[in-house]
Structures are given as C-alpha cells and as structure tokens.
Amino acid sequence: MGLDSEVGTKNLAYEPMKKRKHGGFKANCFIFAMMFLDNIGFVANMASLVLYFMFVMHFDLSGSATTTTNYLGTTFLLTIVGGFISDAYMNRLNTTLLFGAIELLGYMLLIIQSHDTKLQPLPCGESTCVHGTKALLFYASISLVGLGGGGIRGAVPALGADQFDHKDPEEHKYIASFFNWFLLSITVGAVVGVTFVVYVSSNIGWDIGFIISLSCAAVGLIFVALGKPYYRVRVPGESPLIRVLEVLVVSVKNWRLEVPQSPDELYEIRDCESVSRGELIPHSNQFRLLDKAAVLPKGTNAAGKWKVCTVTQVEEVKVLTRMMPILLSTILMNTCLAQLQTLSIQQGTLMDTRIGDFDVPSASIPVIPLVFMSLLIPVYEFTFVPLLRKITAHPNGITHLQRVGVGLVLSAISMAIAGIVEVKRKHEIIHHNHKISLFWLSFHYAIFGIADMFTLVGLMEFFYTEAPVGMRSLSTSFSWLSLSIGYYLSSVLVELINLITSKLTKSKTGWLEGRDMNKSHADLFYWFLAILSVLNFAVYVWCAKWYKYKNDVSLDEEMLLKAGGRKNDQSFSASVSIVSKAEEKEEKQNGAK
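All figures in this text were calculated on a predicted structure; none of them were measured in a lab.

Comments concerning helix α15 (residues 442-466)
Okay, so step 1: Here α15 is 25 residues long and its end C-alpha atoms lie 35 Å apart, about the 36 Å a rise of 1.5 Å per residue gives.
Okay, so step 2: Judged by how many residues are buried, α15 sits mostly within the fold: 23 of 25 residues are covered.

Notes on a nonpolar patch on the surface
Okay, so step 1: On the surface, a cluster of nonpolar side chains totalling about 550 Å² of accessible area is made up of Leu489, Val492, Leu496, Leu499, Ile500 and Leu504.
Okay, so step 2: Assignment of secondary structure puts Leu489 in helix α16 (residues 472-504).
Okay, so step 3: Accessibility expressed as a relative area gives 31% for Leu489, which makes it partly exposed.

Notes on the packing of helix α1 (residues 24-55) against helix α5 (residues 132-161)
Okay, so step 1: Their axes nearest at 11 Å, the elements α1 and α5 cross at an angle of 150°. In this structure, the crossing between α1 and α5 has a hand that is left-handed. Contact with α1, carried on its side by Asn28, Ile31, Met34, Met35, Asp38, Asn39, Phe42, Asn45, Tyr52 and Phe53, involves Phe138, Val145, Gly149, Ile152, Arg153, Val156, Leu159 and Gly160 of α5 and no other residues of that element.
Okay, so step 2: Among the residues forming the contact of α1 with α5, the class breakdown is 11 nonpolar, five polar and two charged.

Observations concerning the packing of α15 against α16
Okay, so step 1: Running from N to C, α15 and α16 cross one another at 155°; their axes reach a closest spacing of 8 Å. Classified by the angle their axes make, α15 and α16 are roughly antiparallel. For α15 against α16, the interelement crossing comes out right-handed. Residues Leu456, Leu459, Met460, Phe463, Tyr464 and Thr465 of α15 lie in contact with α16, whose contacting residues are Arg472, Ser475, Thr476, Phe478, Ser479 and Trp480.
Okay, so step 2: Taken together, the residues of the contact of α15 with α16 break down into seven nonpolar, four polar and one charged.

Observations concerning helix α7 (residues 206-226)
Okay, so step 1: The end-to-end C-alpha distance of α7 is 31 Å, a good match for the 30 Å that 21 residues give at a rise of 1.5 Å each.
Okay, so step 2: Within α7, burial applies to Trp206, Asp207, Gly209, Phe210, Ile212, Ser213, Leu214, Cys216, Ala217, Gly220, Leu221 and Val224.
Okay, so step 3: Buried-residue contacts for α7 involve α1, α4 (92-115) and α6 (169-203).

Rules used in this analysis
Residues numbered from 1 in each chain as written. Predicted model: local features only at pLDDT ≥ 70, side-chain atom pairs only at ≥ 80, totals over all residues. Heavy atoms only, no water. Helix = DSSP H or I, 4+ residues; strand = E, 2+ residues; numbered from the N terminus. Expected span 1.5 Å × (residues − 1). Buried < 20%, exposed > 50% of the residue type's maximum accessible area, 1.4 Å probe, protein only. Patch = residues over 30% accessible without salt bridge, like charges linked within 9 Å, V, L, I, M, F, W, Y side chains within 5 Å. Areas by Shrake-Rupley, 256 points an atom, 1.4 Å probe, with all protein chains shown as cover. Salt bridge = Lys/Arg side-chain N within 4 Å of Asp/Glu carboxyl O. Axes fitted to C-alpha atoms, helices over the stretch in contact; angles between N-to-C directions. Left-handed = near helix turned anticlockwise from the far one by under 90°. Contact = heavy atoms within 4.5 Å. Nonpolar A, V, L, I, M, F, W, Y, C, P; charged D, E, K, R; others polar. Parallel < 35°, antiparallel > 145°, perpendicular 65-115°, else oblique.

Right, here's the structure in full:
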C-alpha cells in the first residue's frame, strides 16, 4: 500500500558536508582526545570511590560497595538520557557539551566536600554516617558527575560512528575500526586514571585527585568543541521513544483488524521524499502482532499520526525487540565487573601493595587489565581481524555476537580464578600471618580485561549497526545500559546473598557482611557468579542463534519499483533518477570547492 501522505518518519538528514573536509578519522581524532581526557577522571572514580566512601564518608564494607555499584549503575543508566536527547532534540555534539558542563559542576561540589573536613561526616560505627546537609551535598555531587558522565557516553559513540557513511561499503568497514580505537582511547585514559589520579587521591588528597579529574574533563570538552568544523553532524529527528510508543498504541487500537497475507498491502511511504530519508526496512515475519499498526482501517481516507504506522516504523520496533534478549544476556557479565571494582579493591587493602619502596594503591590494580587491553586492541585490529577475515570472509573477522560470546566465556573463567585467589589470600593471612602480593589479583583482572575488550566493542558496534538511523544514539547507549543493570543487580545480589546466608551459616552472618574480609566469604560469592555466568552463556548462545540480523533496503530505483507496485512506474523511476543526478551534481560541486 504505497500511499502518499504526511505520515512517516521525520527526515533524518546530515548537515551539508564537503566530503574532503568532513567526517572520517580526522574528525574522530578530536573525539578520541576528548574521551581519553574525560576517562582519566571517570575511571579513577570507578576504581577509587569505594575507598572514598569507606574511609572519608565512613560507609561500612557492604555499604561502600553497594553505594559504589548504585552510583555506577545510575551513571550508565543515564546514558539513555544522553542518547535520547541527541537523537531527538539536540545534535550529538551539543549534547556532549551540555552534559560535559554538568559533569564539571559535579566535580566542583566533590572538590568542595573532600577539601573541607567540616562538610564530611564523623565515624559513627553504623552502616552509613552521612546525614543532613552533608548527605545533600554528597549525593548532589555524585549525581551531577554521574549525569554528566552518563550523558556524554550516550552521545559520543554515535557521534564518532556518524563520521562514516554506513551505506558506502568502503566507509562502512571503518565503523568497526572506529569502535576499536574508541575503546583504546578510553582504555589509555583509564590507565592514567587508575595509576596517577588514584595515587594522588590516596596519598596526597582526594580534593587534589578531583581537581585533576575536573581539569582533564574541561580540556577534553575544549578538544571536542574544536573539532566542530570537521564533524559530519546529524540533524536531530523525531523522538525515537515517541515513534516506538506510537507503534505500540496503534497496534493495540487495531487489535481487531486482520493482518493482510501479503506484506505489500501494509502501509508504507514510497515516494521521492522517502529517498531523502536514506533507509527503508523490509517487512519481517517476526512479531506479527505489531504489523497491525501498519494496517490502514477500512473507510479511512487519510492516514495520520496515531492512526497508522509505516512498515519501516513497525520494523524499527521489531529490531529493538529482537535486541532485548541480547542486552539482557550480557547483564550478568557486568555484575561480575562490579565485583572487580568493589570486592577486589577491598581485597587489595589487605594484601602486600609494595613494589620495592613504592606503595601501590589497591585501587590502582585495575591498571593490569587496562594495560592488557591497550596492547591487545592494536593487535586485534591489525593482526587478528585480517587473519580471521581471510578465514571467515566476514568484513570484521567475526560477527558482533560471536565477539560478545567470547567475552562472556572469559568473564566466567575470571570469576572462578578470583575465588581461588581469595582462598589463597585468606589462608596465608589467617594461618601464616602473611600478606600475599597485590598482583595475585592480576590473573582474574587480566582475563576480565580481555573479556571486556571483546564484549563492550562487540555490543557497541552491534547496537549501532543494527539500530534504525534515527535511534542510533539511543541504541548505542544500550551497551552502557547493560552495565547499569549489571551494577544494580550486583547490589541486589549482595543484599540477597547476605540475607540468605545469614540464616544458613553457624555464625549467623552473611558471606559479605561486616568490615573484616578475613571473616567473610567473598570466595564463595565469586564461585556463585562463575556458575551463574556459565548458565547465562548457555542462554546467550540460544539468543544469538535466534537473532536475525537486520537487512537494510537501499532506496535504489529497482527496489523502489519492486516495493511500490505503482501504475506510474516510469514516471516514478524518472523522478528517482532526477534526484540521483541532482545529488551527484551537488557532490561534484562540493568537491570542486
């Protein structure tokens, strides 16, 4: 049903681009610099805030761990806000600058509270000692830092990937490379953060550490702003969430209607305006119930908003629905990651942290997987991918979902080893009064670092390439959403494990309760997560086999004629030809300039 009407997607276009000047890796250099600098403070906080909460804010062991995971969970959840705004209301560059300013404000409040001891709580022996005005300042500061950092990460990955034309086969293959170099930039920044900034915070002063974080984030914003003349900037389109809601509402309103046997009878716009949109999604047979939204009720002369949706709009919702099982099956891995940023850091405080005369802050131990990642990402890009490309004939070496699967397997192995290391640590300290070296933690940290390299990039590229054009920021933020839910799940699991095990153990204390890790059972908790990870991987394999990759429809003349079924095919073909020639002429003129 190729009706002409005002219904459909709002044009999702890019600002005029001079091909030689805009886009490509030249533009992305500014983004890489910005993420390198911003991640210095961001990851330093991820690694060391659990100690700030424990020693400065005086939370107990489980309180500091759950506060940290709740903070990180909220931060990554807020990437959805950044993705939503950059898809619908502001371009991705301006969204990044807005949330960057919010992050700077949060750092300022953290500096004030960490500098003035009068604004810090006194030890009270309870689970939390933060109350009143001090609590208001504390939660306001970490909320603003979380909102700013999350919003930036919701917009920046899609801004960088936008610098390549996904419809150009030559440029499309660079999208995978972009996400690899994007990961490298944030990894190198993280290395600086968990070494230099964490050392300064732990040994010189938390306020000095936060000042360094603020300064790096501010310089990063300047860098990303300086790249404005080189960016290929997407003009904001229709709200993606409203488009999804419209499909759901219309499909419910039309629940009595029969879905036609032929997909050609469903409503779709196939005219010259659709050419400018750049993408149509063909009909699929999954989730046929949603097809009711694309059925124009009999007796309806004019299609309108909230009356009927296009096939492309319905398929957008189907794509997001198909993505959800993949998203959900990666959550547990990020729950495991949360333990490396809480329990393992707390373990490090009870281990030998000296290298010669130098005392290594326990919060700096995550530098080990980060160094592994920094070395392995170029190896993966220049050696592993070309080799696999010859074997599999896949442009990226392996598919996005295969890459994610490798990460899930490695995360399970990491948790099993973490439990073994904790058993050794406790045995040595309890029976021999000997602290083992901090670098025993490097075994499971290194394996998890490799797992993260596979999974995070695989998820980002998967969500970007599979998402509809107008939802790419929102969809890319789903990879961060997996992190968010993983951190929240960690908090729930810690509380639940403590509740259940306190009733089963002779001492009537939970595995992770109290302030003394030598009396707790973090090793059993690690093994519990390893078993869950194996079961989760089995579920993921099923989800990955079930998933069908999206096939975009190129709006060339042949496809339009096949899909349209119009009587006036020749005139429609001519109009498409005119549009194509006009675009070629404009591109030549821009090149000449």
